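Okay, here's what each chain looks like letter by letter:
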Amino acid sequence: MDTVAVTAARAGRRKPPRLGRRPLTFDYVTFLLVFLGLPVAVFVIFVISPFVQAVYYSMTNWTGFTAEMDFIGVKNFVKLFNDATFMQAMGNNILLAIVLPLITLTIALVFASMITIGGPSSGQVRGLRASSFYRVVSFFPYVIPAIVIGILWSMIYTPSGLLNGLLGAVGIDMNDFAWLGDERTAMGASIFVMAWGMIGFYMVLFIAAIKGVPAEIYEAARIDGAGRFRTTVSITLPLIRDNVQTAYIYLGIMALDAYVYMVALNATGGPGNSTLVMSQYLFRTAFEKGQFGLASAMGVVLAVITLIFAAAVFLVNRLTGGKDDDGGRS
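Focus: the overall build of the protein
Alright, step 1. Counting secondary structure elements, the protein contains 14 helices and zero strands.
Alright, step 2. Listing the helices and strands of the protein from first to last along the sequence gives α-α-α-α-α-α-α-α-α-α-α-α-α-α.
Alright, step 3. Classification of the 330 residues of the protein by burial places 35% in the buried group.
Alright, step 4. Of the contacts made within the protein by residues no fewer than 6 positions apart, 66% connect residues no fewer than 24 positions apart.
Alright, step 5. Looking at the protein as shown, the accessible area adds up to about 19,900 Å², and 67% of this sits on carbon and sulfur atoms.

In structure tokens form, the structure reads like this:
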């Protein structure tokens, strides 16, 4: 009995096996190399490495067409922030990143709510009649390439274009107004084109998110007397806020670039550089002026602004009551 007791006591003092440790078998090591090592290597080679090279080039006076380059430190960045044209282009990009997502996502959410839950106020919760037709029609602009959209609307906005013709037909004489040739309207007209091209995609994204919300929630809100606007603001938006956050980041990043749309609408940057964006100025600096070092500095600034923008969206979402991906556990 004593021997049995001693053995049991020793067994009780044994340290429990550590969790999470696996023997380094051939299969396990191969799995790590293929599904972890290979993606990390690809990311480092094709994402991190080019960015590090761009940071280095931004500190040189490289012309882009010769092998010679001299290290000049942060002189390119000092020159950029003393360049009034670049600062104006940066301001245009920031304006786009704030305004374009707000307009696009608001309209997309309204359309998505109408198509999914905006139908009759009695009976089963459903969208408007013939909602599939509205979905297809709204998504159609997104399948058109951005360059085609830009060229199409640049012709519509011309003084003798379709827009002035339609306004004249209803009694509004614009006197051959150039919508993209006036500082007061050039940026607004450009934002409208980009929103027109992107609303359909984000509407479909929000439709998929709303369909994931249990119908019982909307039925309970209807019983409590909540109207469509109240339902959208108090129920739909909080429940799909993660989708809205992701959409805002993607659309904001697109707005911080906006190269294709802006070049197609106004390749010169608009009157008084009113629609000039950093990517346009970067291209002009690199390939027209032959200043690749300075252009690389613009790219670095644009990348930093993009990261700050994404971080700001995450922070605002968190401060306004957003939850983490783990279901809100902090």
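Concerning helix α14 (residues 292-319)
Alright, step 1. Look at α14: 40 Å from first C-alpha to last across 28 residues, which is about the 40 Å you get at 1.5 Å a residue.
Alright, step 2. Taken from the residues just after α14, Gly321 is the one with a positive phi, measuring 105°.

Here's the deal with the nonpolar core
Nonpolar side chains tend to gather and get buried jointly when the protein is soluble and globular.
Alright, step 1. Formed by 67 residues in total, the largest nonpolar core has its most connected members in Phe86, Leu96, Phe206 and Ile240.
Alright, step 2. With 14 residues, the top contributor of residues to this core is helix α8 (residues 186-211).
Alright, step 3. Beyond its immediate stretch of four places on either side in the chain, Ile240 contacts Leu109, Phe206, Ala209, Ile210 and Val213.

Notes on unusual backbone geometry
Alright, step 1. For Asp176, which is not glycine, the phi dihedral falls at a positive 55°.
Alright, step 2. If you trace the backbone, Asp176 turns up in the loop between α7 (162-169) and α8.
Alright, step 3. The backbone of Ala258 shows a phi angle near 55°, a positive value even though the residue is not glycine.
Alright, step 4. You can call Ala258 buried: its relative accessible area is 3%.

A short note on the environment of Val55
Alright, step 1. With respect to the element layout, Val55 can be found in helix α2 (residues 26-57).
Alright, step 2. Counting along the chain gives 244 residues from Val55 to Gly299, while the straight-line C-alpha distance between them is 8.7 Å.

What counts and how
All residue numbers here refer to positions counted from 1 along the written sequence of the relevant chain. Local features are withheld for residues below a pLDDT of 70 in this predicted model, meaning they are given only at 70 or higher, and side-chain atom pairs are given and counted only at 80 or more; totals for whole chains, interfaces and linings count all residues. Hydrogen atoms and water are omitted, and side-chain values are computed over all heavy atoms in the structure. By the criteria applied, helices consist of DSSP H or I runs no shorter than four residues and strands consist of E runs no shorter than two, each listed in order from the N terminus. Here the term buried applies to any residue with accessible area under 20% of the maximum for its type, exposed to any over 50%, and partly exposed to those in between, with areas from a 1.4 Å probe on protein chains only. In this description, contact between two residues means that some pair of their heavy atoms is separated by no more than 4.5 Å. Here, Shrake-Rupley sampling with a 1.4 Å probe gives the accessible areas, and only protein chains in the shown set may cover a residue. Expected span, for any helix, means 1.5 Å times one less than how many residues it has. For this analysis, a nonpolar core means a set of buried residues of the types Ala, Val, Leu, Ile, Met, Phe, Trp, Tyr and Cys, connected via side-chain atoms within 4.5 Å.

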